[in-house]
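So you can see what is in the structure, the chains are spelled out below.
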Amino acid sequence: MVFSGHLRAISPRTDNRSTFQSPSSPSLTNSRIVPSIVTSSVDLDNEWPLMSPIENETGAQRERRLEAEREAKCINDAIEHEIEQDRAERKRHKPEVKILLLGQAESGKSTMLRNFQLKFTPTAFAAERAAWRAVIDLNIVRSVRYILDVLASAPAIPEELRRLRVALSPLRSVEEALAIFLASDEHGRPVARPADEHGLDVKVRGSRWKTLFNRSMTESTRQYTQAYEEVLNARRIIEACRDDLVALWAHPAVKENLEGQSVPLQFQSGFFLDQVGRIASSGYEPSSDDVLKARIQTQGVEEHLLKMETAAESGQTWAIVDVGGNRHQRAAWIPYFDDVNMLLFLAPVSAFDQTLAEDSSVNRLWDSFLIWRTVCSSKLLRDVSFILLLNKYDILDAKLKSGIQFASHVTSYKRRPNETEAVLTYLKEKFVIIFRQATTNNRPLHVHYTCATDSRATAIVLARIREVILTGNFMNADLL
Ligand SMILES: Nc1nc2c(ncn2[C@@H]2O[C@H](COP(=O)(O)OP(=O)(O)OP(=O)(O)O)[C@@H](O)[C@H]2O)c(=O)[nH]1
Ligand SMILES: [Mg+2]
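Residues numbered from 1 in each chain as written. Chains lettered and ligands numbered in written order. Predicted model: local features only at pLDDT ≥ 70, side-chain atom pairs only at ≥ 80, totals over all residues. Heavy atoms only, no water.

1. Structural notes on the site of ligand 1
Okay, step 1: Close to ligand 1 lie 27 residues, the nearest being Lys109, Thr111, Leu292, Arg295 and Gly325.
Okay, step 2: In the environment of ligand 1, an oxygen atom lies 3.3 Å from a nitrogen or oxygen atom belonging to the backbone of Gly270.
Okay, step 3: Backbone polar atom of Gly325 to an oxygen atom of ligand 1: 2.7 Å apart, as the coordinates give it.
Okay, step 4: For ligand 1, whose free accessible area comes to 650 Å², the fraction covered by protein is 95%.
Okay, step 5: Listed by contribution, the elements that provide at least two residues to the shell around ligand 1 are α6 (109-120), α15 (288-293), β4 (297-298) and α17 (393-401). (Near = heavy atom within 4 Å. Polar contact = N/O pair within 3.5 Å; in protein donor to acceptor, adjacent residues only side chain to side chain. Areas by Shrake-Rupley, 256 points an atom, 1.4 Å probe, with all protein chains shown as cover. Helix = DSSP H or I, 4+ residues; strand = E, 2+ residues; numbered from the N terminus.)

Structure follows, in structure tokens:
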């Protein structure tokens, strides 16, 4: 926060609200990006050129210059005043609880954050729900592109699928418009590479896009409004393609051509095609479950301030730190280990037969164990309560039932039953052993099996987590 304030002090042309939200401001999203991200988008050299004395300046020029300097000073003073207010505000509203979410990419960290928001700040969650439609639309068109790419390399496809390929081709421009919009700031300027051209993932920095639906159409937001128009236009195209989208997913040749993919499309993040008839209908509003299923990759580190709406926590602010989980982003985690009360570590148990997107030589389950060991041994987290969430057990269950053999990927599992409960118990034991080996102070560990896209089941887990928090004695809570 201090860093962000500093930026504003030296950069009057930077709109404060565009890069930072005071915890007390009536924000729509309750969220802010931590300063390390903010700094990367500001060019200090260009934003604040030093004024050099001007030779041969006329009297009129001098007067104009002095006037400009006076104006700049006024702006600067106003900004500094605001920074001071921000600081005071932050002191007054120091979060009562700070929770850190860690785990590899796609482990379900942001989904768990959304569960917290749904349970503890339902009004703020509901206010943002409409904005998620753009993400869900993009998730859908990405899945369609994936299918069309697979079909393009198929030796022969039925006539009907050829027709659908042509009919759905306008979705390419929809994909581009949505990706650019989601990766832009509120002035319509791209702040991140929209997405991996060939992948399914949606990469976005921060949560600025969520404010879209509540912004007024003023001159200052004209560009953003244009982007909004494009999102609405994208929506119209998706609705017009509704029947063809349904027909594509229902076509048996699509399933045939997708067979043999390393990760079946329906197990991939942000898969909505099985419900596309509902979602592509006009008047569609995302449900809470849709929001939990939507996929957007976290870039960098985000701190979300939840102004608690529930009676027991009323008036409190909880900070939840959500991080980008892929390997390239892990070095950025450590500065956020400070002042943490509780760590929620997410390990996706379904990933035993997958490798990292960023390194295809590394098994994802193995990677989870490595991060877990590092986190458990961290001296900075020595006095923090640990909660381990063995997540995505629903996908684990579906994979095992489809005949995938756990022991083929985890050879130490040997001849144990290829059943969900047995696999979960086995994995839990392994994680607990690592925890015990790496922990010196005999602290408790809480372990839960979770399906973060199931809000009801997750609410029960959150209630247990809340109990630990409400005791106010994180470290002494019993092992669950
Ligand atoms: N089926 C199923 N899907 C899940 C579960 N948990 C999360 N997902 C989905 O998995 C995808 C990835 O989840 P995220 O929460 O975005 O993962 P993340 O850990 O934040 O990933 P990064 O931001 O890349 O670090 C999303 O589409 C979620 O809806 C689960 O328990 N079951
Ligand atoms: Mg995330």
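2. Some thoughts on the environment of Arg330
Okay, step 1: With respect to the helices and strands, the residue Arg330 is situated in the loop between β6 (317-323) and β7 (342-348).
Okay, step 2: In this structure Arg330 comes out as buried when scored by relative accessible area, which is 16%.
Okay, step 3: C-alpha separation for the pair Arg330 and Gln104, spaced 226 residues apart in sequence, amounts to 8.8 Å. (Buried < 20%, exposed > 50% of the residue type's maximum accessible area, 1.4 Å probe, protein only.)

3. What to know about the pairing of β7
Okay, step 1: Of all seven residues that make up β7, seven are buried, and the element is covered over most of its length.
Okay, step 2: On β7, burial covers both faces: Met342, Leu344, Leu346 and Pro348 on one face and Leu343, Phe345 and Ala347 on the other are all buried.
Okay, step 3: Here strand β2 (residues 97-102) runs beside β7; their pairing, made up of four bridges, is parallel. The residue bridging Leu102 from the neighbouring strand is Phe345, located in β7.
Okay, step 4: By the bridge criterion, seven bridges tie β7 to strand β8 (residues 385-391) in an arrangement that is parallel. Note that in β8 the partner of Leu343 across the bridge is Phe386.
Okay, step 5: A crossover links β7 with its parallel partner β8, the connecting element being helix α16 (residues 364-377), and its sense is right-handed. (Pairing = 2+ DSSP bridges. Right-handed = clockwise from strand over helix to strand, strands pointing away.)

4. Some thoughts on the environment of Ile296
Okay, step 1: Along the chain, the position of Ile296 falls in the loop between α15 and β4.
Okay, step 2: Between the C-alpha atoms of Ile296 and Asn139, which are 157 residues apart in sequence, the distance is 8.6 Å.

5. So, α17
Okay, step 1: Looking at α17, one finds that the buried residues are Ile395, Leu396, Lys399 and Leu400. All buried residues of α17 project into a common sector of 135° when viewed along the axis, lining one side.
Okay, step 2: Where α17 is buried, its residues touch α18 (406-409) and α19 (420-438).
Okay, step 3: Just downstream of α17 lies Gly403, where phi reads positive at about 105°. (Arc of directions from axis to C-beta. Contact = heavy atoms within 4.5 Å.)

6. What to know about the packing of aromatic side chains
Okay, step 1: One pass over the structure, following the stated rule, counts 13 aromatic pairs.
Okay, step 2: For the ring pair Phe406 and Tyr413, a centre distance of 4.9 Å and an interplane angle of 80° mean the geometry is edge-to-face.
Okay, step 3: Through pairs of rings, three or more aromatic residues link up here, namely Phe345, Phe369, Trp372, Phe386, Phe431 and Phe435.
Okay, step 4: Directly above the ring of Phe120 sits Lys119, whose terminal nitrogen or CZ lies 5.8 Å from the centroid. (Phe/Tyr/Trp six-rings, centres within 6.5 Å; stacked < 30°, edge-to-face > 60°. Lys NZ or Arg CZ within 6 Å of the ring centre and 35° of its normal.)

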